[in-house]
Each structure stands twice: as structure tokens, then as C-alpha cells.
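Chain by chain, the residues:
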Amino acid sequence: MQAKKRYLLVSVVAGLLFLIYLWGLQIGEFQQQPYHYPQIHQYHQQDYQYYYYQRKDVYQPRSLPQRLPSRPARRWPELTELLDPYLEGGEQEEDSPQLHHQHTSPHERRAIRDNIYKNKRCRMETCFDFSRCQSGFRVYIYPPQRGDEISETYQKILSSIRESRFHTADPSRACLFVLAVDTLDRDQLSAQYVQNVRARIHSLPTWNDGRNHLIFNLYSGTWPDYTEDLGFEVGQSILAKASADVANFRPNFDISIPLFSKDHPLKGGSAGYPARSDASPSRKYQLVFKGKRYLTGIGSETRNALYHIHNGEDIILLTTCKHGKDWEKHKDSRCDRDNQDYSKFDYQELLHNSSFCLVPRGRRLGSFRFLEALQAACIPVILSNGWEPPFSEVIDWRKGAVIGDERLLLQVPSITRSVGCDRILALRQQTQFLWDAYFSSVAKIVLTTLEIIQDRVESHVSRNHLLWNFLPGGLFAFPQYSTDPAQFPFYYSILGKSPSQQFTAVVHTVTPLQAQISPVVKLIIAVAKSKFCAQVVVLWNCDKPLPPRNKWPSTSVPLTVIEGQTKMMSGRFFPHNDIITTDAVLSLDEDSVLSTNEVDFAFIVWQSFPERIVGYPARSHYWDSSRSRWGYTSKWTNDYSMVLTGAAFYHRYYHFLFTHYIPASLLTMVDRMANCEDILMNFLVSAVTKQPPIKVTQKKQYKETMMGQGSKASRWADPDHFAQRQTCMNAFSRWLGFMPLVHSQMRLDPVLFRDQVSILRKKYRDIERL
């Protein structure tokens, strides 16, 4: 009897041990899969309600943590690109891997991850050498080796880095290193797959297991599984990767970038689709999609099920089986009908006339559809469980997209219909901001990547959430100027702040001070009488010695004379933060003629438009079709696109941006010609704001007065002055990759200006007497 009991006890223990073993295997398999939410239906509803009612909250600025505020690990699909590659050559194999791989075992997937991501726990604190960055954030590109074949897309990436302010040709000064080896396409079946990458990388003298290195990748893995196999170990290098899988993504270390095609422009980029007058939130279609349907393998489940919610009216979800060489061998019963419906709708017409665009996963986690939707102001509805969205460390995608779950496809129509018109409009506006700020060109994608890394390296001056997610975006809001959004002119209205009530007048002087009746003396006296003037600063850029203090006029406000070290033209916009402390700067040429009334009125106007240039002398640009170039004109017409800085107000932040953002080559060009610095400032401000300057009160004699006041040394008397400005217009537009100047016909005059009423009723009486 005792023997039976012992035998039964041993059997029970053995059974329990076996069950524990099976349970351990199941846990191991589960850990290799992307995270699944335990209460799928309940989570999805909660997530969407939070997203939908977020618009009712009042934003309170806060410091940006290592990543955006923690939330459940969402799975978003990837980016969509330009229309031509898809319409002409068929969609590339750009989509995303499935949650459950169909051709590789858990052991094989684990082996791939362990081989490529040996330093999976890398963070900036553990796998980055900050000591290399003590002299500043500089990026070095290795020189190409003989016989290197670099793709057109990777050439664009390298060109963007070389033309940026971060580039250095000295490896000893570099904080970050970028490979000359093309690692974008790691699909072994691709013609652009580079062999022997591992050996070539490890032969680099400063490789050091990838520490302080940045690797770009768009395509990884190959048919049929499309795993994240790169064919080499990334080590401790930062991986800027499209179709990033959250299972392998190293937070606050790797960077998820969008998938873009070889036709994506280097600079500039196409503008978003809607015009400024296109403010209606409603469109013809509610939800659209047009793309490939994969009959088998990775990426087939979601797209194969789209016909369930397609209604042919306001929800148009079109797929085709007709792609690849052997599509007919695998065609199913729906293929013929799908192919027929597919040809009935134009893709661009669908994109530009729908409120929401479905962005399902495909072969890989990324898709060109995402960028296409952003550009068309079509709100992306992302279905890709396991995708780390582009630049998710800094961009809050809840403000510009709807995040869905592949397993809840049938709920997508009801979700989109429950979004109100005001929320749709806000989402569409955000898609346009995000497209233009970070995704419209290769240069912006690369610069965003570098700026994120710089913020990590210089964490004491990093951008916060507000600077990245509101106009004009992180690329134009430098934390080196200030980490406080209230110090930038773009966020006054959001924060409920107003600019300071005084200004600093900065007079640029290039000719000798001849007498107390010289034009610059009269100008200083008139400006100093303004009740809003805090101080007058004279920039002495004249070759003659600086006059003694008794030669300058006595004023009721402080008068400071700064002698330029280099006495170059670009120096007139040097920040001088220790001297210029007011928000507003009144920039003046020495031969400007302004009355105190004119100064007061222009400052009052500027306070309502603190992010723009506000002033008197206006100019315009035009396209010369006969010469295929931009032209510059000073003719008096009904519109303008520039307000010259010879008599204009702007925010002092533009001094910092002019000095630190504009390439040294353009500043050298301005200094060499001693011309065009005012045009360059207009280009910069218009590129940032996407708006025209503000002209105040017509003053037609401005130009003639200045030409008569100056000596022969005056720029206005130089016969080459106008020709040089034509050249500058085209050089500046080539730098940006587009023409930023915007025409305007608005002019702001004082109340009762030139009205037939008593002069005693008018506040700014002197303006009409000029």
C-alpha cells in the first residue's frame, strides 16, 4: 500500500514538472512575439476615447522626458511616400512583417535578433561616449573607398549631412560618425545589396564596436519572411531605421525614420495638398485605400480582409492581386473582381478627397502610404501592430493620426465616423505641419534625426514637447537660444504671452560720422524719442576709427556703440544677447528717414505679429520665365513679398537663427558683395513662418530720400547693387530648395489715415506730413 502511494506521488510530481516545462516553452515563445494587450476590445475603446477627447484639454508646457509620456506600446504601420513610384512602377515591397512569422521558427527569429542586436540594452548612458562631444556636436562621414557603389538615396543622405551645420571634415573633432558604406537596402535579393559590409565596417579604425556611429537603413530582411536581418552586427551604433519593430527597437537610442523612395526630393519638397482656403473638414470620402493585396505570406491577413468594410460609397478600400510574376498561380476567387474595381478609381483623386486614409501593413512594417497620406492632408488610420512610428521620441502622433489595431479592423469605420468635424480639422492641420516640418525632403528627415541625437547629447539644452509638436517645429526652434518656449515669438498665443513693451533700435553704420546734422544723428534722435524705445545700439562697421562719445547725440535712452570685429555685412544680425534684451529689434540703415510717429506705429503693429517682419520699405520677387530664374523688383505695385531691414521690426530670435542656421557659404557670399543681407533675412523668416511680412503705411519717398541722403559710397548709388540682388535671390532659393517668399497685398495704416477729417483727431499726425 505504501509503495502504491509513493508511486502515485512520484507520478504526480513528474506530471507537474512536465507541465512546468511546457509552460516555460510557451513563455519563451510569447517573449519573442510583440506585446498583445490582454483586454483587446476594452483597450481599443479606451485608447480611442482618450485620443478623441484630448482636444478638450488645455496644453500645459512641460519638460520633455526621455521619450514621450509613457503609454501602452502601440503598434503603428509605416510611412507612405510619393505617388509616382506606386502608380507607374507598382508598389515596392515596402510593407511590414506579421505578428506571427509564417516561415521562421521562434529559435531562428531569436538567433537573428541575438546576432544583430547583441547590445539590445544599449542606451545613450551605456553605449555612447559623451567625451567625444565636448567641443560640440559634429558629424564626420568616412571617405568612400575605391569601387564603392552608393545608391542615389544614400547620396542624398550624405549630401544632407555635408551641407548641414553639424558636418566636420576632421574626425578628431567628431562626436558622431556616419558610414560611407551604403546600408540602406539589406535585402539580399536587391540589386543594391552591398556585400562584405561586416568586414568593411570592422576594418574602420574608429569603429569601436559601433560606439558613436550612426547607421541608416530602409529595407532589412528578404523574402519570404522579411525579418530584421541586416547581414552584420550593429553593435553599439545608433540605428536610424525604417519599419522599426518595437521588439528590437532600443528606446532613447535607436531612431525610427520614415520609409521614403529614391524619388523623395533632397531639399525643399512638395508642399502639402490643401490651399490656405481649404479649411472644410469634410471631404467626399470617409476612408480610402488603394494598394496591393498579398495572397500568401507576410502581410496578407489585414489587406485580404479589407473587402469586409469596403462599401463602394464613402469607404473605398481597393486591392489588386495583379503584381509579381506568378500572381495568377496564387489568385483566389476575389482577384478578378478586385482587379476590376481597382482600375475604376484614381489614386490621387481618392487621397485628396478623403478625410481618412487607411495605412495597413504589408510585407514590412513600413509603407509609402503613410507619407502620401500626410502630404495629402488625409488623416492616417494606422494598422500595424508592432511598428515604432517615425521620430516617436519627439512627435506626438495622437495629434496627427488615428492609431488602430489590426485585430479590430471591423471597428475602423465606426471609429472614423465618431470623430467630430473640429477634431478632423485639427488632425488634418497637424498632418500638414508634420509633413512640411519633418518629412517633405530627405534633408529634413536627416536633420531631424541629427537634432534628436544632439538633444540627447546636450540634454541640458534639449527641446521640449511644445517645440517639436507646434509650428514652426523643432528644426527652427533652437534650444541653444532658450529651452523656454515663452522666449520664442511663435508660441506667444499658445502660452497666452505678449512680447515685451519696449524695443531696441540697432543702427547699422558704414560711413564716417561727419557732423551733428548727418542723417544717422537725426535718425538716432527721432528713434530715441519713441516712448517704446529702451535703448539705441549703433553697430560701427565703418573702416574709419570709432568717433569719441561727444560726437554722438545726447539721448534720453542709453546709447551703445559696438565696433564690429570683422566689420562684415552679415555682422549686423549678430545676436549680441548680452546687450539686446528686448523681444523687439528695430533694424535701421544709417540713411533711413523715419519720424517718431512712424516708429511708434510700426512697433504697435509688430506687437500683433511678433513672429513676422514689420516695416516700411517693401520689395517683391517674380519668376522670369524667359530666363528660368527668380527676379527681384523694387517697382511700386499692389503687392510685395519682402520688407527690407533698413527700417523694420522683428524678434531678436532671428538674430540667433540668422547666425547659427544659415550656412557659412551664404554668409560669406553676403560679406563678399556687401549686399543682400536684408533679402537673406526675409528668406529666413518666410521659411520659418510660411507667411509674408507686414508692410505699414505707404511712404513712397523712402527710396528716393535714402538715395539722396547718402554719399557716393551708399549702396543705393552702386550700379551693381540691383544685379547682385538678382543673383542673391536665386542663390538663396537653391539653398532652401524652394522659394519661401509669399506675396501679400495687405498694408496696415493708422486709424483715419488720410481721411478727410481734422488732423487733431488723428493719433499719428506726422505720418501724413511726410
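Above: the structure in question.
Residues numbered from 1 in each chain as written. Predicted model: local features only at pLDDT ≥ 70, side-chain atom pairs only at ≥ 80, totals over all residues. Heavy atoms only, no water.

**With respect to the overall build of the chain**
A count of helices and strands for the chain gives 24 helices and 23 strands. If you take every contact in the chain between residues at least 6 apart in sequence, the share linking residues at least 24 apart comes to 79%. Accessible area of the chain: about 33400 Å², with a carbon and sulfur share of 53%. (Helix = DSSP H or I, 4+ residues; strand = E, 2+ residues; numbered from the N terminus. Contact = heavy atoms within 4.5 Å. Areas by Shrake-Rupley, 256 points an atom, 1.4 Å probe, with all protein chains shown as cover.)

**Looking at the side chain of Glu406**
Summarising the element assignment, Glu406 is placed in the loop between strand E12 (402–403) and helix H12 (412–417). Judged by its relative accessible area of 11%, Glu406 is buried. (Buried < 20%, exposed > 50% of the residue type's maximum accessible area, 1.4 Å probe, protein only.)

**A short note on the packing of aromatic side chains**
If you walk through the whole model with that rule in mind, you get 38 aromatic pairs. Centre to centre, the rings of Phe532 and Phe603 are 5.1 Å apart; their planes meet at 40°, and the pair counts as tilted. Here Phe603 lies in helix H18 (residues 596–608) and Phe532 lies in the loop between helix H17 (519–528) and strand E14 (533–540), a separation of 71 residues in the sequence. No difference in accessibility class separates Phe532 from Phe603, as the two residues are buried. Among the aromatic side chains, those forming a connected cluster through ring pairs are Phe476, Phe478, Tyr481, Phe488, Phe490, Tyr491, Tyr653, Tyr654, Phe656, Tyr661 and Trp735. For the cation-ring pair, Lys290 lies above Tyr342, with the distance from its terminal atom to the ring centre recorded as 4.6 Å. (Phe/Tyr/Trp six-rings, centres within 6.5 Å; stacked < 30°, edge-to-face > 60°. Lys NZ or Arg CZ within 6 Å of the ring centre and 35° of its normal.)

**Focus on the state of the cysteines**
Here the structure, examined in full by the defined rule, presents 5 disulfides. Residue Cys122 pairs covalently with Cys127 via a disulfide, S to S 2.0 Å. Disulfide Cys122-Cys127: torsion about the S-S bond near -80°, hence left-handed. Note that Cys676 is cross-linked by a disulfide to Cys728, the S-S spacing being 2.0 Å. Taking the sign of the S-S torsion, 85° for the link of Cys676 and Cys728, the bridge is right-handed. Note that Cys676 is positioned in the loop between helix H20 (664–673) and helix H21 (677–689) and Cys728 in helix H23 (residues 721–736), a separation of 52 residues in sequence. Indicated for the chain is the disulfide connectivity 1-2, 3-4, 5-6, 7-8, 9-10, based on numbering the bonded cysteines in sequence order. (Disulfide = S-S within 2.5 Å.)

**Some words on the packing of H20 against H23**
Across the interface, H20 lies against H23 with an axial gap of 11 Å and an inter-helix angle of 175°. Between H20 and H23, the interaxial angle falls into the category roughly antiparallel. Two secondary-structure elements touch here, H20 through Leu666, Met669, Val670 and Met673 and H23 through Gln724, Thr727, Cys728, Ala731, Phe732 and Trp735. Here the contact of H20 with H23 is built from residues that sort into 8 nonpolar, 2 polar and no charged. (Axes fitted to C-alpha atoms, helices over the stretch in contact; angles between N-to-C directions. Parallel < 35°, antiparallel > 145°, perpendicular 65-115°, else oblique. Nonpolar A, V, L, I, M, F, W, Y, C, P; charged D, E, K, R; others polar.)

**Some remarks on the nonpolar core**
Looking at soluble globular proteins, one finds that nonpolar side chains tend to be buried together. Counting residues in each nonpolar core, the largest one holds 76 residues, and the members touching the most others are Phe216 and Phe439. Here this core takes 8 residues from helix H14 (residues 442–457), the largest share from any one element. Setting aside chain neighbours within four positions, we find Phe216 in contact with Tyr154, Ile157, Ile161, Val178, Thr183, Leu184, Ala240, Ile257 and Thr449. (Core = buried A, V, L, I, M, F, W, Y, C linked by side-chain atoms within 4.5 Å.)

**Points about the sheet that holds strand E20 (residues 642–643)**
Strand order in the open sheet made by the 3 strands is E19-E18-E20, with antiparallel pairing throughout. Bordering the open sheet on either side are strand E19 (629–633) and E20, each of which pairs with just one other strand. (Pairing = 2+ DSSP bridges.)

**Considerations on the pattern of salt bridges**
Evaluation of the coordinates by the stated rule reveals 32 salt bridges. One salt bridge in this structure joins Lys267 and Glu163, with 3.5 Å as the shortest N-O distance. Taken as a pair, Lys267 in the loop between strand E7 (255–256) and strand E8 (285–292) and Glu163 in the loop between helix H6 (152–162) and strand E2 (176–178) lie far apart in primary sequence, 104 residues in all. Its relative accessible area of 25% is what places Lys267 among the partly exposed residues. (Salt bridge = Lys/Arg side-chain N within 4 Å of Asp/Glu carboxyl O.)

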